[in-house]
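# Breakdown of the fold
Now for the letters of each chain:
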Amino acid sequence: MTRRDDDIPAELRDVGARLRALGPEEWEPAPPPPPLRATVAQQHASVERRRAGRGGRFAPGLVRRPALAAAAALVLVVLGTVLGALIAGGGGSSRVAGREVALAAVGDGPRGAHAAARLRATTMQLTVSGLPRVGAGGFYEVWMMRDPTHLVALGSFRVGADGRARVDLPVTASPRRFPVLDVSREAADGDPAHSGHSVLRSQPIDN
């Protein structure tokens, strides 16, 4: 069925005429609208809805995770400290911490000379009495000993005119492996080895 122009209302014929009069550039399609983005408030409301849908399990999880991480970090620190002490040779020193070990004269040591070593976890306080004073060319050395060929030097000291001294020394070896304390007289000749002139010695430390 063909529609004649006089069948079209006048208002529509005017609209059609105006459209036909437009140039081609006027017929370019309009760009699509930008995608909708949720506002911060909308995003927050969405998260709250998800939390409610999970029965409130979302928020407690955020609290538990940092607590578990802190506990794991503490365990690693403790394990690292213990392993470090064992690797350094200090394993077993805690078993004798707080104990006092007596040293008596031996070898070239003067009769009546003695010492007491108060052991801690990583240090030792040595109190000495009755040792002769040595000149500028000598000193006394403290050792932890397994046998005459296996020793660990802890440090040195000198005594005053009264033959007394008190010195704090690090415990750098395990008393389980080096159970005897030894004090020797050494010459200041630069030789780090034991001179063989022991003056004080303890019985093996009971671990």
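Residues numbered from 1 in each chain as written. Predicted model: local features only at pLDDT ≥ 70, side-chain atom pairs only at ≥ 80, totals over all residues. Heavy atoms only, no water.

## Comments concerning the nonpolar core
Counting 28 residues, the largest nonpolar core has L126, L131, F157, V183 and L200 as the members making the most contacts within it. For this core, the secondary structure elements donating two or more residues are β1 (100-105), β2 (114-119), β3 (123-129), β4 (138-147), β5 (150-157), β6 (165-170), β7 (180-187) and β8 (198-202). Once you skip the residues sitting within four places of it in the chain, L126 turns out to touch L103, A115, A116, A117, V142, F157, A165, R166, V167 and V183. (Core = buried A, V, L, I, M, F, W, Y, C linked by side-chain atoms within 4.5 Å. Buried < 20%, exposed > 50% of the residue type's maximum accessible area, 1.4 Å probe, protein only. Helix = DSSP H or I, 4+ residues; strand = E, 2+ residues; numbered from the N terminus. Contact = heavy atoms within 4.5 Å.)

## Examining the packing of aromatic side chains
In total, this model carries one aromatic pair according to the counting rule given. Relative to F157, the ring of Y140 has its centre 5.6 Å away and its plane inclined at 20°; by these criteria the two rings are stacked. Here the residue Y140 occupies a position in strand β4, and F157 occupies one in strand β5, the gap between them amounting to 17 residues. Summarising the burial analysis for this pair, Y140 and F157 share the class buried. Positioned above the aromatic ring of F178, the side-chain terminus of R146 is 5.1 Å from the ring centre. (Phe/Tyr/Trp six-rings, centres within 6.5 Å; stacked < 30°, edge-to-face > 60°. Lys NZ or Arg CZ within 6 Å of the ring centre and 35° of its normal.)

## Quick word on the pattern of salt bridges
Applying the stated criterion across every chain yields a total of three salt bridges. Among the salt bridges present, the one from E100 reaches R118, with a minimum N-O distance of 2.7 Å. A residue pair is termed long-range when its members are at least 10 positions apart, and E100 in strand β1 and R118 in strand β2 qualify at 18 residues. One salt bridge in this structure joins R201 and D182, with 2.9 Å as the shortest N-O distance. On the criterion of sequence distance, the pair formed by R201 in strand β8 and D182 in strand β7 is long-range, its members being 19 residues apart. Among the residues examined, D182 registers a relative accessible area of 0% and is labelled buried. (Salt bridge = Lys/Arg side-chain N within 4 Å of Asp/Glu carboxyl O.)

## With respect to the pairing of β5
Relative to β5, β4 runs antiparallel, the two being bridged by seven bridges. By the bridge assignment for β5, W143 is matched with A153. What sits between β4 and β5 in their antiparallel hairpin is a turn of two residues. (Pairing = 2+ DSSP bridges.)

## Some details on the sheet that holds β8
One open sheet holds the eight strands; their spatial order is β5-β4-β7-β8-β1-β2-β3-β6, and the pairing between them is antiparallel. Of all the strands in the sheet, the pair left with one neighbour each is β5 and β6. The average angle at which neighbouring strand axes cross in this sheet is 25°, direction not considered. Note: β4 against β7, eight bridges, orientation antiparallel. Bridge pairing links W143 to D182 in β7. (Axes fitted to C-alpha atoms, helices over the stretch in contact; angles between N-to-C directions.)

## Comments concerning the side chain of S184
Tracing the chain through its elements places S184 in strand β7. Residue class for S184 comes out buried when judged on its relative accessible area of 0%. Side-chain polar atoms of S184 contact the side chain of E186, separated by 2.6 Å. With sequence-adjacent residues up to four places away left out, S184 is seen in contact with F139, Y140, E141, W143, H194, S195, H197, S198 and V199. (Polar contact = N/O pair within 3.5 Å; in protein donor to acceptor, adjacent residues only side chain to side chain.)

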